[in-house]
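If you want the building blocks of each chain, they are given just below.
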Amino acid sequence: MVVLVVNSHGFKLGRRRGRLIISYADGSKKEVPISKISVIVISARGSLSTDVIRELSQNNIPIIFAGNFSPYAVLHPYFMHATVVTRREQMRALSDYRGFQLAKSFCFAATINKVQVLRYFAKSRERIDSGLSMMLRDAAARIEDLARKIRNLEGSLVQLRLSMMGLEGEGARIYYDMLRYLVPPELGFKGRERRPPRDPVNSVLSYGYTILNSIVLLSIAKTGLEPFAGFLHVDRSGKPSLILDLSEEFRQPIVDVLAISLFSKKRLKLEHFSYGDNGMCLLNDAGKEIFYEAFNKRLLSRAYPGDKNYTFENAIMRQARNIARFLIGKIPSYDPFIWRWS
């Protein structure tokens, strides 16, 4: 199954004999079998007919609209779920032990998965650069200590949210400082810059996180959860806090590993990027094609070694379901997704 991303302004979506037809402003077209699509992400201005929406709905294919590095709407086939019960418990959990446990789980996963990624690349670099491998392992150990502190926190969500975010933020600083040694120096990556991204690495990370957020949004919608009522991230108008919470578990093993691999193997190069007047660095069409193909493969790859049927796509859906199940009392605790690569 494929995550189909439409990102060229002036597009038009049509259909013919079980195929989705994407017509672009330059006159070119692309056809994709509807049976092969799992979700469509639209991040550009264009048009689609009600006939297309109907056929996609009949094939249980949602459409996610994204912009400015964040999804802002989802159009999915109508289905019934325990939305009222689930959402009532989600709101109640903000002020009891469940909210704290969820927030701590998201924060711990975000931190310990950074450890896993650094150790993964430390092992792959061991033979060619033992010094770099040792640096990565040392950084991983420091971040692991911060993750241990997060796991040992006890109290209420209101009291400890800032403490958790502070520990995770320190881990992120160490982590991104190490990533710069894993990509070619000519890319100009010196650390994480979010808005706007000013170098190719930050551009790919931001775009990859946007697509990931879209996949997480779909899973949250299917389980009847409220995407704007998170636990780790602070509520703010227009901020999909729960999407950001759950995405924390998957950013490193899906997007970061993919980005580093694409750059280190020279599949993405400077020629795949362009710069706007405000210094924003963006993938061009050729670069997007490379990224989307690789992202789909990563999403459908094994989340755990030895289990070919358990993909990252499956893992995201399972975690969303487990949030809902924990909130309504069907399971006693929530276990975050921790990436294992060996």
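Residues numbered from 1 in each chain as written. Predicted model: local features only at pLDDT ≥ 70, side-chain atom pairs only at ≥ 80, totals over all residues. Heavy atoms only, no water.

Participant: When you look at unusual backbone geometry in this model, what are you seeing that I'm missing?
Facilitator: A negative phi holds for most residues other than glycine; trans holds for most peptide bonds. The phi angle at N60 is positive, at roughly 60 degrees, despite the residue not being glycine. Residue position: N60 is located in the loop between α1 (50-58) and β7 (63-67). By relative accessible area, which is 46% here, N60 ends up partly exposed. The phi angle at K266 is positive, at roughly 60 degrees, despite the residue not being glycine. Of note, K266 is situated in the loop between α8 (251-264) and β9 (273-275). Looking at K266, the relative accessible area reads 43%, which means it is partly exposed. (Helix = DSSP H or I, 4+ residues; strand = E, 2+ residues; numbered from the N terminus. Buried < 20%, exposed > 50% of the residue type's maximum accessible area, 1.4 Å probe, protein only.)

Participant: Can you help me understand the pattern of salt bridges in this one?
Facilitator: Close approach of charged atoms lets side chains of opposite charge pair. The tally for this structure, following the rule as stated, stands at 18 salt bridges. In the salt-bridge network here, residues are joined through shared partners; they are E89, R92, D96 and R98. (Salt bridge = Lys/Arg side-chain N within 4 Å of Asp/Glu carboxyl O.)

Participant: Looking at this structure, I do not really get the packing of aromatic side chains. What am I missing?
Facilitator: What describes a pair of aromatic rings is the distance from one ring centre to the other and the angle between the planes of the rings. Applying the stated criterion across every chain, the model contains 14 aromatic pairs. Aromatic side chains F106 and Y334 sit 5.7 Å apart centroid to centroid with 65 degrees between the ring planes, which places their arrangement in the edge-to-face category. Placement of F106 in helix α3 (residues 97-125) and of Y334 in the segment after α10 (312-327) is noted, with a sequence separation of 228 residues between them. This pair shows no difference in class: F106 is buried, exactly as Y334 is. With a centroid separation of 6.1 Å and an interplanar angle of 50 degrees, the aromatic rings of Y207 and Y292 are classed as tilted. Placement of the pair is Y207 in helix α6 (residues 200-222) and Y292 in helix α9 (residues 285-299), with a sequence separation of 85 residues. Residue classification places Y207 among the buried residues on the basis of a relative accessible area of 14%. Looking at Y292, the relative accessible area reads 10%, which means it is buried. By way of ring pairs, the aromatic residues F250, Y304, Y310, F312 and F337 are connected into one cluster. Above the plane of the ring of Y175 lies K114, whose end atom (NZ or CZ) is 5.8 Å from the centre. Here the basic side chain of R340 rests over the ring of Y304, its NZ or CZ set 4.1 Å away from the ring centre. (Phe/Tyr/Trp six-rings, centres within 6.5 Å; stacked < 30°, edge-to-face > 60°. Lys NZ or Arg CZ within 6 Å of the ring centre and 35° of its normal.)

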